[in-house]
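# What the coordinates show
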Amino acid sequence: MIDIRRLDAAQAQAHLDGLAEVLHQSVKGGASVGFIEPFTVQMAAGFFAKVIDGVRRGERILLAAFSEGTLVGTVQIVVSTPPNQPHRADIAKLLVHPRARGQGVAAMLMQEAERQALSAGRTLLTLDTVTGSVADRLYERLGWSRTGVIPGYALFPDGRLCDTTVFWKRLG
């Protein structure tokens, strides 16, 4: 059974090792989520320390998925937007540990992210992902609209270029 929880800053700090492990394993598995190899667990923990600061400041909502008490996935809702976009948020870093993939964890995280965003007064969400990836297909299944593809937008962890698809979804 998967349990999805919204973590406050103190809870996120308590689960820092699990968050770092999910990110590290995702990058190690080739996910283009902003990092290049070599990428260590310590670097992943440093990234999440900054995320936790954002949670503390109210700039981000952090969700985590747990299976039998072990953190197996996470996603963020970035609610820190310009003054003329108080209705919008960005979805960032949907990550699922390789051992928990294929169990619907990502879909559950995204569905809860949409609920949390709506409860925070956000009615438009945006995100980007690697074109043709499993996540790309997931967002379409969840009713997200494809805006377009930006060729060579980012790099995989091994340094190869990858195309990025931009999605949006109106809530409520």
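A word on the overall build of the protein. Regarding its fold elements, the protein presents five helices and seven strands. Of the regular secondary structure in the protein, the N- to C-terminal order runs β-α-α-α-β-β-β-α-β-α-β-β. For 172 residues, the compact-globule estimate of 2.2 N^0.38 gives 16 Å, and the protein sits close to it at 15 Å. With the C-alpha coordinates of the protein rotated into their principal frame, the extents come out at 35 × 35 × 30 Å. Across the 172 residues of the protein, 47% fall into the buried class. Contacts spanning at least 24 positions in sequence make up 60% of the contacts within the protein whose residues lie at least 6 apart.

Below, the discussion takes up the packing of aromatic side chains. The description of an aromatic ring pair uses the distance of the two centres, along with the angle that the planes make with each other. If you walk through the whole model with that rule in mind, you get five aromatic pairs. Aromatic pair Phe35 and Phe47: ring centres 5.3 Å apart, planes at 80 degrees, arrangement edge-to-face. In this pair, Phe35 is assigned in the loop between helix H2 (16-28) and helix H3 (41-56) and Phe47 in helix H3, connecting sequence segments 12 residues apart. For Phe35, a relative accessible area of 16% gives the class buried. With 5.2 Å between their ring centres and 80 degrees between their planes, Phe47 and Phe48 make a pair best called edge-to-face. Cation over ring: Arg5 sits above Phe66, and NZ or CZ is 3.8 Å from the ring centre.

Turning our attention to the sheet that holds strand S6 (residues 145-155). Pairing in this open sheet of seven strands is mixed, and the strands run S1-S2-S3-S4-S5-S7-S6 from one edge to the other. Lying at the two open borders of the sheet, with one neighbouring strand each, are strand S1 (2-7) and S6. Averaged over all pairs of adjacent strands, the angle between their axes in this sheet comes to 25 degrees, without regard to strand direction. Both strand S2 (residues 60-67) and strand S3 (residues 70-78) contribute to a ladder of eight bridges, which runs antiparallel. Paired with Phe66 across the two strands is Leu71, which belongs to S3. H2 contacts S2, S3 and strand S4 (88-96) of the sheet and is inclined by roughly 85 degrees relative to S3.

Turning to the pairing of S3, a few remarks are in order. The buried fraction of S3 is high, at eight of nine residues. Hairpin connection, S2 to S3: the antiparallel pair is bridged by two residues, and Glu68 has positive phi, about 50 degrees. In this structure, S3 lies alongside S4, joined through five bridges in antiparallel fashion. The residue of S4 that forms the bridge with Gln76 is Ala92.

Scoring rules and cut-offs
Residues numbered from 1 in each chain as written. Predicted model: local features only at pLDDT ≥ 70, side-chain atom pairs only at ≥ 80, totals over all residues. Heavy atoms only, no water. Helix = DSSP H or I, 4+ residues; strand = E, 2+ residues; numbered from the N terminus. Rg over C-alpha atoms; globule rule 2.2 N^0.38 Å. Buried < 20%, exposed > 50% of the residue type's maximum accessible area, 1.4 Å probe, protein only. Contact = heavy atoms within 4.5 Å. Phe/Tyr/Trp six-rings, centres within 6.5 Å; stacked < 30°, edge-to-face > 60°. Lys NZ or Arg CZ within 6 Å of the ring centre and 35° of its normal. Pairing = 2+ DSSP bridges. Axes fitted to C-alpha atoms, helices over the stretch in contact; angles between N-to-C directions.

None of this, on its own, says anything about what the molecule does.
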